[in-house]
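# Secondary and tertiary structure notes
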Amino acid sequence: MAMLTEKQISSCRPGLKQLQQPILPLVRLVWMLYLSGPFQTLDELLRELNEPVETGGVRYQDPCRLLSGFLEAMRPFERLKNAQPPARIILEENLAPADQLAALDSWVSQNVLTQELEAINSALCGPCGCTLCCTGPTENMSHEFFEIPLLENEADLFDLARIDTKQSRSAAPDDEVPLKLNGKPFFACPSQLYNWSKGWSMILPKQSSCPNLEPTSGGCTIYPKRPDVCRRPQIFSYILEPEPCMDAEYEGRILPAFVIRRKILAIWDCPYVKQFQEEIGNYAQLCEMEPIFKENKS
Ligand code: SF4
Ligand code: SF4
């Protein structure tokens, strides 16, 4: 189903090109070379990758340059040759500990895809002229509000009133009995910042918009320093899922636990996800992940 105009599709070409050429197959090839070669670090290996490489039907003209931007994301691979204290617990879906190769592959894949998909989503979102992520529900949506969760200090990015009371700090936005302010449910009030039991978030009630949304251009006035959640894409890596109830102590530190899911999620509400469903499916296949399309806001 076509959602975008020909002009918008044409402006999406840089993002589409990245979707057609995911870096993960190249990362995995490099890992094989690292495992079988004499290299102690990935940097040593990259210095020798001077020729174009083809893997999984994708050709990489300048692998060294491409991979150098993902070196930190690939660093966990080096744990195989350079012993380090454990940093996380990685489990298979049946909650059995993953073997070391599967654990490192999923850890690195999650890092690499998170980084690559942030760039792809930015390239695809701009041409759509859509503000769905920055506005509250429309009149005909079943939702009463959308929530934008914020990290510590991110509340300062929004020029909005703050609700930080004993009641808010013991409540959650999806409580069955909603938090009330002056007798009204919180979502019947204008957009505000709330300090909930889980931390700060911005609540966008029906037909409201983020104060940082520029009304005529539809752009974000704080784009370079926008909150973390606004950088999270509509196509995102769901390879490792945090599983806090399995976190465990190791030598005085708490190691976070993750379960391997091996999926890429794409949010169906987003116009470029609808438009480029096939391309997203191919991208997931090249990355050996299962693509899942799901609705979020309708
Ligand atoms: S901060 Fe920017 S990107 Fe985030 S919701 Fe507001 S306008 Fe949108
Ligand atoms: S729904 Fe998609 S196109 Fe619309 S603002 Fe969000 S990311 Fe951009």
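As a starting point, this report considers the structure included with it. This structure is a prediction, so every number in the text was calculated from the model and none was measured.

### A short note on the overall build of the protein
Scanning the protein from terminus to terminus reveals 11 helices and 14 strands. Principal-axis analysis of the C-alpha atoms places the extent of the protein at approximately 70 × 55 × 35 Å. Within the protein, the proportion of its 298 residues that are buried is 44%. Of the contacts formed within the protein by residues at least 6 apart in sequence, a portion of 71% connects residues at least 24 apart. Looking at the protein as shown, the accessible area adds up to about 16,000 Å², and 51% of this sits on carbon and sulfur atoms. Side chains of the protein give 29 positive and 39 negative charges; the mean places of these two sets differ by 4 Å.

### Points about the sheet that holds strand 5 (residues 162-163)
Reading across from one edge, 4-9-8-5 is the order of the 4 strands in this open sheet, with mixed pairing throughout. Looking at which strands have only one partner, the edges of the open sheet turn out to be strand 4 (145-149) and strand 5. Pairing of strand 8 (residues 192-196) with strand 9 (residues 199-205) involves 5 bridges; the strand directions are antiparallel. Its bridge partner being in strand 9, Gln 192 is matched across the sheet by Ile 203.

### Observations regarding the nonpolar core
Judged by nonpolar contacts, the single largest core of 55 residues is most densely connected at Met 74 and Val 112. In terms of residue count, the dominant contributor to this core is helix 7 (residues 100-128) (11 residues). If sequence neighbours within four positions are ignored, Val 112 has contacts with Ile 23, Leu 24, Val 27, Phe 70, Ala 73 and Met 74. Within the second largest apolar cluster, 11 residues are counted, among which are Ile 163, Leu 181, Phe 186 and Ile 203.

### Some words on the packing of helix 3 (residues 24-36) against helix 7
It is at 11 Å that the axes of helix 3 and helix 7 come closest, and there the two elements cross at 140 degrees. Relative to helix 7, helix 3 is oriented so that their crossing is right-handed. Residues Leu 24, Val 27, Arg 28 and Trp 31 of helix 3 form the contact with helix 7, whose own contacting residues are Leu 101, Leu 104, Asp 105, Val 108, Ser 109, Val 112 and Leu 113. Of the residues contributing to the contact of helix 3 with helix 7, the split by class is 8 nonpolar, 1 polar and 2 charged.

Analysis parameters
Along each chain, residues carry numbers from 1 onward, in the same order as the chain's sequence is written. Whichever chain is written first is A, and whichever ligand is written first is 1; the rest continue in order. The model is predicted, so local features are restricted to residues of pLDDT at least 70 and side-chain atom pairs to those at 80 or more, both for listing and for counting; the totals for chains, interfaces and linings are taken over all residues. For the side-chain quantities, the full set of heavy atoms in the structure was used; hydrogens and water were omitted. Only DSSP runs of H or I covering at least 4 residues are called helices, and only runs of E covering at least 2 are called strands; the numbering of each starts at the N terminus. Only protein chains enter the area calculation, which uses a 1.4 Å probe; residues under 20% of their type maximum are buried, those over 50% are exposed, and those in between are partly exposed. Only heavy atoms enter the contact rule, under which two residues are in contact if any of them lie within 4.5 Å. For every accessible area listed, the method is Shrake-Rupley and the probe measures 1.4 Å; residues are considered covered only by the protein chains on display. Charge convention: Lys and Arg are scored as positive, Asp and Glu as negative, and His as well as the terminal groups of each chain are ignored. To locate a charge, take NZ of a lysine, CZ of an arginine, CG of an aspartate or CD of a glutamate. Any two strands between which DSSP finds at least two bridges are classified as paired. In plain words, nonpolar cores are sets of buried Ala, Val, Leu, Ile, Met, Phe, Trp, Tyr and Cys residues tied together by side-chain atoms within 4.5 Å. Only the stretch in contact is used when fitting a helix axis, every axis being a line fitted to C-alpha atoms; angles between N-to-C directions are given from 0 to 180 degrees. By definition, any crossing whose near helix is turned counterclockwise from its far helix by less than a right angle is left-handed, and any crossing with a clockwise turn is right-handed. Residues were grouped as follows: Ala, Val, Leu, Ile, Met, Phe, Trp, Tyr, Cys and Pro as nonpolar; Asp, Glu, Lys and Arg as charged; and all remaining residues, including Gly, as polar.

Coordinates in, geometry out; function isn't part of it.
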